[in-house]
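Survey of secondary and tertiary structure
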Amino acid sequence: MALPKLTPEQRQAALAKAAETRVARARLLAEVKAGSISLEQLLSRNDEIARRIKVSQALRALPGIGNVKAAQLMQRAEVDETRRLGGLGAQQRLRLIRAVAS
């Protein structure tokens, strides 16, 4: 399927919206990294910004968790490596919280 043709104004608006979204996502992950938002609080959020964050990215934002540990936690919680927070089921969220806590 071909992408729709955008006018220069529409393209600029889309680029601006994408930039705003990236900044908001980075700000949210920075709060997680600083410890002002826990993983449980992040998982309970239902806004579009939080829902679009990859689970691996959210785990890596936690203090002391890098690529390897995040992959291990996701495997233990039975979460696919490409999953985003919005696509997690209730049981997967619970298993992730337990995996990080242990």
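Whatever comes next refers back to the structure up there.
What you are looking at is a predicted structure, and each value in this text was computed from that prediction instead of being measured.

1. Describing the side chain of Ser56
Topologically, Ser56 is positioned in helix 4 (residues 55-61). You can call Ser56 buried: its relative accessible area is 15%. Residues within four places of Ser56 in sequence aside, it is in contact with Ala70, Met74 and Glu81.

2. Looking at helix 6 (residues 90-101)
Its 12 residues place the ends of helix 6 17 Å apart at the C-alpha level, agreeing with the 16 Å of an ideal helix rising 1.5 Å per residue. Buried residues of helix 6: Gln92, Arg93, Leu96 and Ala99, and no others. The arc that holds every buried residue of helix 6, seen down its axis, measures 130°, which confines them to one face. Within helix 6, the exposed residues directed more than 90 degrees away from the buried face are Ala90, Gln91, Arg98 and Ala101. Residues of helix 6 that are buried sit in contact with helix 2 (39-44), helix 4 and helix 5 (67-76).

3. Observations regarding the side chain of Gln92
On the secondary structure map, Gln92 appears in helix 6. Accessibility expressed as a relative area gives 16% for Gln92, which makes it buried. Polar side-chain contacts of Gln92 include one of 3.3 Å to the backbone oxygen of Glu78. When near neighbours in sequence (up to four residues on either side) are disregarded, Gln92 contacts Glu78, Val79 and Gly87.

What counts, and at which threshold
The residue numbering used here restarts from 1 in each chain and proceeds along that chain's sequence as written. Under the rules for a predicted model, residues below a pLDDT of 70 receive no local features and side-chain atom pairs below 80 are neither given nor counted, while totals for whole chains, interfaces and linings still include all residues. Computation of side-chain values: all heavy atoms of the structure, hydrogens and water removed. In DSSP terms, a helix is any run of H or I states spanning at least four residues, a strand is any run of E spanning at least two, and both are numbered starting from the N terminus. For the exposure calls, accessible area comes from a 1.4 Å probe over protein chains only, and a residue counts as buried if that area is under 20% of its type's maximum, exposed if over 50%, partly exposed in between. Note on contacts: a residue pair is in contact if any heavy atoms of the two residues lie within 4.5 Å. Under the convention used throughout, the expected extent of a helix is 1.5 Å for every residue step, that is, one less than its residue count. Directions are taken from the helix axis to each C-beta atom, and the arc is the one they span. Polar contact is the term for a pair of N or O atoms within 3.5 Å; when the atoms are in protein, one must be able to donate a hydrogen and the other to accept it, and sequence-neighboring residues count only if both atoms are side-chain atoms.

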